[in-house]
Amino acid sequence: MSEINVTHAGAASADPSSRYYVREHHPENGTLLGFWIYLMSDCLIFACLFATYAVLGRNYAGGPSGAEIFELPTVALNTAFLLFSSITYGFAMLAAQKKNVKGTLVWLAITGVLGACFLYLELDEFAHLIHEGYGPWRSGFLTAFFSLVGTHGLHVTFGIVWLVTLMFQVGKHGIHAANYRRLACLSMFWHFLDVIWIGVFTYVYLMGVLP
Amino acid sequence: MSDHHHAHGHGHDHGHGHGHHDHDELHAHGSFKDYTIGFILSVILTAIPFWLVMTHQLAPGTTKFVILGFAAVQVVVHMVYFLHMNSKSEGGWNMMALILTAILLFIVLTGSIWVMYHMNANMMPNMGNDGGSVHGMHDMQ
């Protein structure tokens, strides 16, 4: 709410002059600023997980090392999925700016499918590792690995849930100011996850396979 | 909600001639050009580190620093072209929050790594640091 009509309790009669008008002066897009601050706090969660990985990442406890379990071609494919989903989300936002409902829905759907492909590959990797007996219980390295990559994957999962919800919203109500604001928030969330992934593939996977 | 009653006296044009004054409740979030430039730069900045590591172009020590450099540049590219970060958005508060986060991030990361690496080195003289003996165990299996 940005405008509030205030009525004197004693002057509830129909005299309009007794009502005064308050317009709150908060920054434009207060929602977007608030969401940005949420993302920054999320960033600190990831910073703690990265710090944990930095400390424990080479404690193998006789278990496998990163070089033995990471498959870089799969990681490259995963990175490509996420990168493509970033630009397709961008196209969804451009379509939304033009109030093109159909275009927005199509690009959102493509983004969601790319996100799902990313999740599928990641869960497949996790299942494979656990099947081999290299679950998070195996070593400090694997605990830190599953916590960090799993938290990122959980964010992507909720991002997809949010994306599907917004597709229904946009499909039903079109692109009005509130829906556009929601799309803009999800846009920040989605691109933020891509930024985190840059850290993950560089620090965990690429540096993990280096001796 | 009453957002669309606002008179939009803001400097939100992102400098790309994107003044959609006909439906001004929708703030421009980037342009086609922005997203394309950002995407091409990210592909290049992603491909080079993968190529360096997968084809063993450089010594491992050098590779680490080079790929960390590429990651840092790519984070900035994403911030600018995908998250539309600039010093003016939300009246500068976005940037302030980002700077605060960067400071906290620096303290958390360097502090943790510094303290924990030194603790390994100072507290467990018989076990070696960085899991030297752990490596030994691994080799035995």
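Basis of the calculations
Residues numbered from 1 in each chain as written. Chains lettered and ligands numbered in written order. Predicted model: local features only at pLDDT ≥ 70, side-chain atom pairs only at ≥ 80, totals over all residues. Heavy atoms only, no water. Helix = DSSP H or I, 4+ residues; strand = E, 2+ residues; numbered from the N terminus. Contact = heavy atoms within 4.5 Å. Areas by Shrake-Rupley, 256 points an atom, 1.4 Å probe, with all protein chains shown as cover. Expected span 1.5 Å × (residues − 1). Buried < 20%, exposed > 50% of the residue type's maximum accessible area, 1.4 Å probe, protein only. Core = buried A, V, L, I, M, F, W, Y, C linked by side-chain atoms within 4.5 Å. Phe/Tyr/Trp six-rings, centres within 6.5 Å; stacked < 30°, edge-to-face > 60°. UniProt positions renumbered as here; feature names shortened; annotations may be inferred.

1. Observations regarding the overall build of chain B
Then, number 1: Counting its secondary structure elements, chain B contains four helices and zero strands.
Then, number 2: Listed N to C, the secondary structure of chain B is α-α-α-α in terms of helices and strands.
Then, number 3: Partitioning the contacts of chain B with sequence separation of at least 6, the portion at a separation of at least 24 is 41%.
Then, number 4: With the model as given, the accessible surface of chain B reaches about 8,600 Å², and the carbon-plus-sulfur share is 70%.

2. Section: helix α1 (residues 32-54) of chain B
Residue and element names in this part refer to chain B.
Then, number 1: In this model, α1 (23 residues) spans 33 Å end to end at C-alpha, consistent with the 33 Å of a helix rising 1.5 Å per residue.
Then, number 2: Among the residues of α1, Asp34, Tyr35, Gly38, Phe39, Ser42, Leu45, Thr46, Pro49, Phe50, Leu52 and Val53 are the ones counted as buried.
Then, number 3: His56, located one to two residues past α1, shows a positive phi value of around 50°.

3. With respect to the nonpolar core
Then, number 1: Residues A:Trp36, A:Phe145, A:Val200 and A:Tyr205 are the most contacted members of the largest nonpolar core, which totals 79 residues.
Then, number 2: Broken down by secondary-structure element, the contributors of at least two residues to this core are α1 (30-56), α3 (72-97), α4 (101-131), α5 (140-173) and α6 (177-209) of chain A together with α1, α2 (60-82) and α3 (93-123) of chain B.
Then, number 3: The biggest single contributor to this core is α6(A), with 20 residues.
Then, number 4: In this view, A:Tyr205 contacts A:Phe70, A:Leu72, A:Val75, A:Glu125, A:Phe145, A:Val149, A:Trp197 and A:Val200; residues no more than four positions away in its chain are not counted.

4. Quick look at the packing of aromatic side chains
All names here are of chain A.
Then, number 1: Under the definition given, this model contains 24 aromatic pairs over all chains.
Then, number 2: Measuring from ring centre to ring centre gives 5.4 Å for Phe35 and Tyr38, while their planes differ by 50°; the resulting arrangement is tilted. Of this pair, Phe35 and Tyr38 both sit in helix α1, three residues apart, which is roughly one turn of the helix.
Then, number 3: Relative accessible area serves as the criterion here: at 14%, Phe35 is assigned to the buried category.
Then, number 4: For the pair Phe50 and Tyr203, a centre-to-centre distance of 6.5 Å together with 65° between the ring planes defines the contact as edge-to-face. Here Phe50, found in helix α1, pairs with Tyr203, found in helix α6; they are 153 residues apart in sequence, far enough to count as distant.

5. Observations concerning the UniProt feature "transmembrane region" (unreviewed entry) in chain A
Residues and elements named next belong to chain A.
Then, number 1: As recorded in UniProt, the sites labelled "transmembrane region" (unreviewed entry) are residues 33-55, 75-96, 103-121, 141-168 and 189-210.
Then, number 2: With 100% helix and 0% strand, residues 33-55 has end C-alpha atoms that lie 33 Å from one another.
Then, number 3: From the first C-alpha to the last, residues 103-121 spans 27 Å; its make-up is 100% helix and 0% strand.

6. Section: unusual backbone geometry
Then, number 1: One non-glycine residue with positive phi stands out, namely A:Ala61, at about 50°.
Then, number 2: Looking at where A:Ala61 falls in the secondary structure, it is placed in the loop between α1 and α2 (66-69).
Then, number 3: Despite not being glycine, B:His84 shows a phi value in the positive range, around 55°.
Then, number 4: Take B:His84: it is sitting in the loop between α2 and α3.

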